[in-house]
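Coordinates in review
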Amino acid sequence: MHPLPSCLMLAAAVAIPLASAVAFADSLDADTLFRQGRAAADAGDYPHACIAFTQSLRLDPQPGTVFNLADCEEHTGRLASAWRHFLRVASDLPATDERRDVARDRASALATRLPWFSIALAPDAPRDARVFCDDVELDGSRLATPWPVDPGPHTLLVVAPGHESKTTSAVAVERETVQVVVSPGAGTPPQAMAPPAASKPHTVAWLVGAAGVASLGVGTYFGARALAERSWSDASCTGGVCANAAALAEYQSARGDARASDVALGIGVVALAVGGFLLLTSSSDAPAGTALRVTGAGLGGAW
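Here is a short report on the structure shown in this document.

Attention now goes to the packing of helix α5 (residues 79–92) against helix α6 (residues 98–111). One way to put it is that α5 packs onto α6 with a least axis distance of 8 Å and a crossing angle of 150°. Comparing the axis directions of α5 and α6 gives the class roughly antiparallel. Where α5 crosses over α6, the handedness of that crossing is left-handed. Of the residues in α6, those touching α5 at Leu79, Ala82, Trp83, Phe86, Leu87, Val89 and Ala90 are Arg100, Ala103, Arg104, Arg106, Ala107, Leu110 and Ala111. Classifying every residue of the contact of α5 with α6 by side-chain character gives 11 nonpolar, no polar and three charged.

Let us now look at the sheet that holds strand β2 (residues 130–133). Here we have four strands laid out as an open sheet, ordered β3-β2-β5-β6, and antiparallel in their pairing. Of all strands in the sheet, those bounded by a partner on one side alone are β3 (136–138) and β6 (166–172). Neighbour to neighbour, the strand axes of the sheet diverge by 30° on average, direction disregarded. The sheet contact formed by β2 and β3 spans three bridges and is antiparallel. Bridging from a neighbouring strand, valine 131 pairs with leucine 138 of β3.

Conventions we followed
Residues numbered from 1 in each chain as written. Predicted model: local features only at pLDDT ≥ 70, side-chain atom pairs only at ≥ 80, totals over all residues. Heavy atoms only, no water. Axes fitted to C-alpha atoms, helices over the stretch in contact; angles between N-to-C directions. Helix = DSSP H or I, 4+ residues; strand = E, 2+ residues; numbered from the N terminus. Parallel < 35°, antiparallel > 145°, perpendicular 65-115°, else oblique. Left-handed = near helix turned anticlockwise from the far one by under 90°. Contact = heavy atoms within 4.5 Å. Nonpolar A, V, L, I, M, F, W, Y, C, P; charged D, E, K, R; others polar. Pairing = 2+ DSSP bridges.

If you want it as C-alpha cells, here you go:
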C-alpha cells in the first residue's frame, strides 16, 4: 500500500488546534441562549433577541421559547412569522396554561394586519415550471391561493427546463392581498453536447490537490477568526451570559466562523488525500482494481 502524502499530516496538525474553536461554537446550551434572548429583549434589542431565541428553539423546542420568539418577531415587523408562532403556542399548551389564551388573543390581533400573496403561473407557462418565494419552493396548493407573508419586499423566482430563469419582486403591505402572475423567461435553444475530453491522471491529481490546499487555507483563516472572536467575547461574557448585544453578536459570529473552518478543513484533507492517491497510482501503472476507501476509521486503499 502506498503511503499518503506527507502534507496530510501537516493538514491534520493545523486542524487539531482549531478543533477547540468548533467545540466552543457548540458549547452554548438552550437555556443560556434563552437568557441572552430575554436580556436583549428587555434592553429593546429585538433583532439580537430573535437570533438567540431561534437558536435556543432549535436546541430545545419549548412553548415558552416559541412565545418569546413570536413576541420578538412582532416587534421587528415579521407579522406572519409571529402569527404562526403564536398559533403554535396556543396549540401546544394545555387549556390550564394561561399563556394559551394570551397567545390565541395575540394571534387573533395579528390576523387582522397580515399581508397576503396570491401567486399564479401564467397560462402559457410550462406545466413543470417551479416557483420559489424567497428561496422556498411553493407547492401546487399555494399557487393561486392567498397565503400570509411578512410585510416588505419578497423575491419570486420561476425556473423551467428549456427556459431562462426569471426573477420578479413583489412588496407585501399590511392588510392587503397582492396578486402576482409569474412565468419563466424566454426559451433557450438546445445546445449540442461536446464529447468529454479524456482526462489526464496527472492533471486531475494536481487540480484536486490544489483545491485541497486552497480549502485548507480557507479553513485556517476562518478558524483564526473564530478564535479571535472568542477571545473578544470572553472579555464581555461571564458564565456563558453576555453583558451586551455586541458580545452576543461576537458569540454568533464565532459559531459561524468555527463551523466554516471545520467544513473547509475537512474538505481540504479529503481533497489532498484523493489528489495524492491519484498521483501515486497514475505514476505506477496501478491495475484497474485500484480503489480508495473513506471510512469512519480513516482513509485506506486497496490495490
